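Residue-level structural notes
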Amino acid sequence: MTTPSLLILAGDGIGPEVMAQVRRIIDWFGDKRDLKFEVSEDLVGGAAYDAHGTPLTDATMARAQEVDAVLLGAVGGPKYDDLDFSVKPERGLLRLRKEMDLYANLRPAQCFDALADFSSLKSDVVAGLDIMIVRELTSGIYFGEPRGIIHEGNERVGINTQRYTESEIARVARSAFELARRRSNKVCSMEKANVMESGVLWRQVVTEIHAAEYPDVELSHMYADAGAMQLCRWPKQFDVIVTDNLFGDMLSDMAAMLTGSLGMLPSASLGAPMANGRPKALYEPVHGSAPDIAGQGKANPIACVLSFAMALRYSFDAGAEADRVEAAVQQVLADGLRTADLIGEEGRAPVSTTEMGDAILAALDESL
Ligand code: NAD
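Quick summary incoming for the structure in this document. (Residues numbered from 1 in each chain as written. Predicted model: local features only at pLDDT ≥ 70, side-chain atom pairs only at ≥ 80, totals over all residues. Heavy atoms only, no water.)

Some words on the site of the ligand
Selection criterion: Nearness is defined per residue: one heavy atom within 4 Å of the molecule or strand is enough. Within 3.5 Å is the distance limit for a polar contact, defined as a pair of N or O atoms, with the added protein rule that one can donate a hydrogen and the other accept it, and that residues adjacent in sequence qualify only through two side-chain atoms. Accessible surface area values rest on a Shrake-Rupley calculation with a 1.4 Å probe, where residue burial reflects the displayed protein chains alone. Residues are grouped as follows: nonpolar covers Ala, Val, Leu, Ile, Met, Phe, Trp, Tyr, Cys and Pro; charged covers Asp, Glu, Lys and Arg; every other residue, Gly included, is treated as polar.
Around the ligand lies a shell of 21 residues, among which Glu-90, Gly-288, Ala-290, Asp-292 and Asn-300 are the nearest. A distance of 2.6 Å separates an oxygen atom of the ligand from a polar atom in the side chain of Glu-90. Taking Asp-292, its side chain carries an N or O atom lying 2.8 Å from an oxygen atom of the ligand. For the ligand, the protein covers 68% of the area, taking 800 Å² as the surface of the free molecule. Of the residues assigned to the shell around the ligand, the class counts are 10 nonpolar, 7 polar and 4 charged.

Printed below as a string of structure tokens:
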């Protein structure tokens, strides 16, 4: 078997700081679990602009297309605010998502027991929560034509178009059903079929794919507005939620924050299967480059660590090792370790990015 390949793009701001801790964990798997990766590193975002005058070189793009998974830190920062839109750091990330055709965005909302009190909801509502939102990422109202601001009579009109083809719906539905089979075998599809034709088609196609290919998975449908209410009321009723780009944008942010800090949230963006059967994949924390704390050793590396755990599970068929990483994170939090973003009102002393990495590695050692 060939060694699985991983391209690391640490990016800007706290990106390299949190990624340094993930590198240690990757090395740990090579040393202690005989799970070795062929790791290459490259530049993205502002760092790539500084070196090459572009936020992503063609060579890096080509490498991203070849590897089994890309792991990205974060891009952006005030230094690049005045750059032309075409070379802004975020364009590097957008190019990766577009050219790799990453149509399924996976955003877990998982509540670690020790942080249940950190949520804005009652702790019994969120304790033990583990749901996954699958958001369609490359179509829908953010991309549909016509779009723009036009003049009509004596006023301006803003236009965006919600447009979904059958195949775009079918492929993201398949991603959700496949995921559900590895979890609790339950999918809830959300749209607004009561007021939108694209929602009617969405519901039809999801139902057809389910009947033809995934009858073993439990499927339900919900209007997206009712889904938002249910997510706040009793989120544990869900396992996998699949929804379009716009609703998914909002519902995934909302669900994620049920569980606490931005520094804890991983994500995956998956595309079509490659020749080896693995999906095209990019894993990244939800947070940005946090220029306000960059270079100070304050960043929480857990979102990036959990993104690597997602890579283990979804790209490398190493679900048990992903569980091991998540359990190590659970352990350090239960032991009371907190980076500054998780301190809240408790007033205890925060640990640094490296100290959090040390503790996760120690917990991994203990798991052996
Ligand atoms: P941000 O996520 O960088 O930061 C928001 C707040 O959360 C800040 O106070 C920050 O200190 C805190 N925070 C974020 N991650 C943290 C972590 N791991 N540990 C501790 N605290 C953390 O969002 P922003 O301030 O709106 O954006 C900053 C830059 O990042 C901008 O240039 C923006 O364009 C870029 N950005 C990039 C991505 C990405 O790379 N995917 C995503 C969002 C924003």
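Having seen it, we continue.
Some thoughts on the packing of aromatic side chains
For clarity, the threshold we go by: To pair, rings of Phe, Tyr and Trp, with the six-membered ring standing in for Trp, must have centres within 6.5 Å; the planes then decide the type, stacked if under 30 degrees apart, edge-to-face if over 60, and tilted in the middle. Per-residue accessibility, obtained with a 1.4 Å probe over protein chains only, is compared with the maximum for each type, and a residue is labelled buried under 20%, exposed over 50%, and partly exposed between these values. Secondary structure follows DSSP: runs of H or I at least 4 residues long count as helices, runs of E at least 2 residues long count as strands, and numbering of each begins at the N terminus.
Summed over all chains, the structure comprises 6 aromatic pairs. Where Trp-28 meets Phe-29, the ring centres are 5.0 Å apart and the plane angle is 85°; that geometry is what we call edge-to-face. Grouping residues by exposure puts Trp-28 and Phe-29 together as buried. Relative to Tyr-214, the ring of Phe-177 has its centre 5.0 Å away and its plane inclined at 20°; by these criteria the two rings are stacked. Pair noted here: Phe-177 is in helix α6 (residues 166-182) and Tyr-214 is in the loop between α7 (197-213) and β9 (218-223), with a separation of 37 residues, a long-range link. Grouped by ring-pair contacts, the aromatic residues Trp-28, Phe-29, Phe-37, Phe-308 and Phe-316 constitute a single cluster.

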